[in-house]
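Breakdown of the fold
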Amino acid sequence: MGGKFEISPRGVGPEGRVGISIDRSGSMVVALLATLKAGGAFVPLDPDYPRERLAFMVEDAALDLLVTTADLADRLPPADVPTLIIDELRSVVAGSDTHPPAVAVSPEQAAYVIYTSGSTGRPKGVVNTHAGAANRVLWNQRETPLTGADRLLQKTPLNFDVSVNEIFWPLSAGAQLVLARPGGHRDSGYLVRTVRDEAITVMVFVPSLLSVFLD
């Protein structure tokens, strides 16, 4: 995102909240990076969530902007929040500057907000800082270094904290990020085929899921 991209008064500034409702894809990664480069904090909105939960999250997070795709826009609840349909921005982006925006971001500023399941009450938004996210990525790279030859399979839904590490760890290390298809994390057979066909070298699991996957 560069100067020419700032075409709207809906622009996001430091710690502005941006709801991201995009299936796992290159567009999803672009939206995350754009939000962080603008100094904002992204709020994952899973399009498979019930509309009532999404409506609560949109209001509770006090979003400044919603970013989605044309095929998912109808799943979102009505909200008095400016919305960008990322599919419709290709021509705008193609003619934009490639210089990073001149935005100062401090380690203590919010990078993203993840909502709890709400199993013990109303869902709660947990704010995570740039420092926290960066420390996790740097720790992973120190303990298990990735190289340009590695290919990490990103399979965790964006509304789970693990996904942030899956996405930004390989990108920060110059490794290759391979995105599982939407819903692919639910299909162990698909994951096995993808590991083989895409020559995946790294995956991130919690122990319980790893046991099921290996079985």
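Residues numbered from 1 in each chain as written. Predicted model: local features only at pLDDT ≥ 70, side-chain atom pairs only at ≥ 80, totals over all residues. Heavy atoms only, no water.

Quick look at unusual backbone geometry now. Even without being a glycine, Ala-62 presents a positive backbone phi close to 50°. If you trace the backbone, Ala-62 turns up in the loop between α2 (51-60) and β3 (65-68). Judged by relative accessible area, Ala-62 falls into the exposed class, the value being 53%. We note that Ala-199 has phi near 50°; this positive angle belongs to a residue other than glycine. (Helix = DSSP H or I, 4+ residues; strand = E, 2+ residues; numbered from the N terminus. Buried < 20%, exposed > 50% of the residue type's maximum accessible area, 1.4 Å probe, protein only.)

Turning our eyes to something else, we now look at a nonpolar patch on the surface. Together, Val-206, Leu-209 and Val-212 make up an exposed nonpolar region whose accessible area comes to about 250 Å². Looking at the element boundaries, Val-206 is found in the loop between α6 (188-197) and α7 (207-214). (Patch = residues over 30% accessible without salt bridge, like charges linked within 9 Å, V, L, I, M, F, W, Y side chains within 5 Å. Areas by Shrake-Rupley, 256 points an atom, 1.4 Å probe, with all protein chains shown as cover. Salt bridge = Lys/Arg side-chain N within 4 Å of Asp/Glu carboxyl O.)

Let's shift gears to the environment of Val-18. Tracing the backbone shows Val-18 in strand β1 (residues 17-21). Leaving out residues up to four positions away in the same chain, Val-18 has contacts with Val-12, Thr-35, Ala-41, Phe-42, Val-43, Leu-63, Leu-65 and Val-67. (Contact = heavy atoms within 4.5 Å.)

Next up on the list: helix α4 (residues 130-143). Between its first and last C-alpha, α4 extends 20 Å over 14 residues, near the 20 Å set by a 1.5 Å rise per residue. Here α4 has its buried residues at His-130, Ala-133, Val-137 and Asn-140. The buried residues of α4 all sit within an arc of 110° when viewed along its axis, so they share a single face. The outward face of α4, more than 90 degrees from its buried face, is lined by the exposed residues Leu-138 and Arg-142. Among the structural elements, α1 (26-37), β5 (110-115), β6 (125-129) and α5 (162-173) are those in contact with the buried residues of α4. (Expected span 1.5 Å × (residues − 1). Arc of directions from axis to C-beta.)

What follows is about the confidence of the model for the protein chain. Of the residues in the protein chain, 93% have a pLDDT of 70 or more, and the chain-wide mean is 88. When mean pLDDT is compared element by element in the protein chain, strand β7 (residues 151-154) scores highest at 98, while helix α3 (residues 90-94) scores lowest at 68. Of the regions scoring below 50 in pLDDT, residues 1-9 engages in 17 contacts with residues more than four places distant in sequence or in other chains. (pLDDT = per-residue confidence, 0-100.)

Quick look at the pattern of salt bridges now. Counted by the stated rule, this structure contains seven salt bridges. Across the pair Asp-48 and Arg-186 runs a salt bridge, and its minimum N-O distance is 3.6 Å. Here the residue Asp-48 occupies a position in the loop between β2 (41-44) and α2, and Arg-186 occupies one in the loop between β8 (176-179) and α6, the gap between them amounting to 138 residues. In this structure, Asp-48 and Arg-186 share a single accessibility class: exposed. Counted as one network, the salt bridges with shared partners bring together Asp-48, Arg-75 and Arg-186.

Bringing the pairing of β3 into the picture now. Side chains of β3 alternate between two faces, with Leu-65 and Val-67 and Leu-66 and Thr-68 buried alike. The pairing of β1 with β3 spans four bridges and is parallel. From the neighbouring strand, Ser-21 faces β3, where its bridge partner is Thr-68. As defined by bridge partners, β3 adjoins strand β4 (residues 83-85) across three bridges and the pair is classed as parallel. Its bridge partner being in β4, Val-67 is matched across the sheet by Leu-84. (Pairing = 2+ DSSP bridges.)

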